[in-house]
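This is what each chain is made of:
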Amino acid sequence: MFPFRDHNPSRTTPWVTLGLIVANIAVYLLMTLPLNDLQLIAFYQEYGLTPARPEASDYLTAMFLHGGVMHLAGNILFLWIYGDNLEDEMGHLPFLGFYLGTGVVASFLHVTTSPGSPVPLVGASGAIAGVMGGYLLLFPKAKIDVLFIIVIIPKIWPIPAWIVLAIWFALQLVNGAASPAAGGGVAYWAHVGGFLAGVIGTLPWFLKEGAARWWQRTDGHPPHPDAHYGQLSNTSIPTVRRRK
């Protein structure tokens with residue numbers, strides 16, 4: 001089960017989302033990839049967020065570090081899917097503040113659930129979980145294309161966002177409860193904290209737009225026509241004209 005795009009067009013160019021993607025890639029290629037193993041450990045200890053000795057600046061710098069190509073690629077993909085639409089509705093600078101704020105909350109929950117852990121936290125997944133939480137609140141019935149591999153046959157099914165995101169959130173809760181608090185690996189509680197912070201952080205906008213009336217106007221779908229793709233079409237962010 002692999003979500004890889006949505007059918008929710010942007011009305012504006014998502015400059016902040018694109019800038020965050022470029023920043024994460026640049027940090028990985030220019031500052032992380034050239035290091036050997038010992039240098040990399042020292043780098044993560046200096047700029048990652050270590051629960052045993054958290055520093056204020058680490059809450060920000062850790063969001064732009066990644067533990068490998070797959071870690072980076074997965075985060076970029078999810079930011080690409082969900083970030084443009086939230087930025088479209090919130091505006092560029094408010095979205096940037098929202099992204100960084102939910103990332104800080106996510107990291108804080110990780111620190112509080114892993115007290116004394118010497119393992120540095122790195123990655124943008126807490127902030128991206130916040131974006132996913134906001135997306136769930138605003139577009140619960142937006143279509144998400146999910147790739148399933150049945151034996152060796154790939155199949156793409158469009159699934160409502162609330163199902164995709166509810167399954168993802170449930171997995172974070174289950175895996176977080178089953179994982180040792182101070183161990184390494186995936187920071188599941190950071191994902192949980194970021195997601196909940198994203199839902200709560202989107203509430204002011206949601207209430208300003210009329211809360212349930214926002215859903216009623218479009219039955220939970222995006223407030224514009226869906227994008228349509230062929231099975232092998234590209235995944236560029238489609239845009240629609242902003243309503244006057």
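See the structure shown above.
Bear in mind the structure is a predicted one, so any value in this text is a computation, not a measurement. Sequence order sets the numbering: in each chain, residues are counted from 1 along the sequence as written. Totals for whole chains, interfaces and linings use every residue, but because this is a predicted model, local features are given only for residues with pLDDT of at least 70 and side-chain atom pairs only at 80 or more, for both listing and counting. Heavy atoms from the whole structure form the basis of all side-chain values; hydrogens and water molecules are not counted.

Undergrad: Sorry if this is basic, but what is going on with the nonpolar core here?
TA: Here is a general trend for soluble globular proteins: nonpolar side chains tend to be buried in one another's company. Here, nonpolar core means buried Ala, Val, Leu, Ile, Met, Phe, Trp, Tyr and Cys residues that are tied together by side-chain atoms lying within 4.5 Å of each other. With a 1.4 Å probe rolled over the protein chains alone, any residue whose accessible area is under 20% of its type maximum counts as buried; one over 50% counts as exposed, and the rest are partly exposed. Ranked by internal contacts, the top residues of the largest apolar core, which has 48 residues, are Y82, F95, Y99, M132 and Y135. The secondary structure listing takes helices from DSSP runs of H or I that are at least 4 residues long and strands from runs of E that are at least 2 residues long, numbered from the N terminus. Sorting the residues of this core by element identifies α1 (15-32), α2 (37-47), α4 (69-90), α5 (92-113), α6 (125-138), β2 (143-150), α7 (161-178) and α8 (188-208) as the ones contributing at least two each. Looking at this core element by element, the count peaks at 9 residues for α4. We call two residues contacting when some pair of their heavy atoms lies within 4.5 Å. If we ignore the near neighbours within four places in the chain, the residues touching Y82 are P3, V131, M132, Y135, I144, V164 and L165. Within the second largest apolar cluster, 8 residues are counted, among which are A106, V111, A187 and A190.

Undergrad: When you look at the sheet that holds strand β1 (residues 2-6) in this model, what are you seeing that I'm missing?
TA: Strand pairing within a sheet occurs via backbone hydrogen bonds; the two strands may be parallel or antiparallel. By this definition, two strands are paired if DSSP reports at least two bridges between them. Taken in spatial order, the 3 strands make up an open sheet running β1-β2-β3, and their pairing is antiparallel. Edge strands, defined here as strands with exactly one partner in the open sheet, are β1 and β3 (153-160). Adjacent strand axes in the sheet meet at a mean angle of 30 degrees, parallel and antiparallel pairs treated alike. With respect to the sheet, α7 is in contact with β1, β2 and β3, its orientation differing from that of β3 by roughly 105 degrees. Structural elements are reduced to axes, namely lines fitted to C-alpha atoms, with helices fitted over the stretch in contact, and the angle between N-to-C directions of any two is expressed from 0 to 180 degrees.

Undergrad: Explain the environment of Q172 here, please?
TA: Here Q172 shows up in helix α7. The sequence separation of Q172 and M1 amounts to 171 residues, and the corresponding C-alpha distance is 15 Å. Excluding anything up to four places from it in sequence, Q172 contacts Y188, H191 and V192. What qualifies as a polar contact is a pair of N or O atoms within 3.5 Å, subject to a donor-acceptor requirement within protein and to the restriction that residues adjacent in sequence count only when both atoms come from side chains. In this structure the side chain of Q172 is engaged in a polar contact, spanning 3.0 Å, whose partner is the backbone oxygen of W168.

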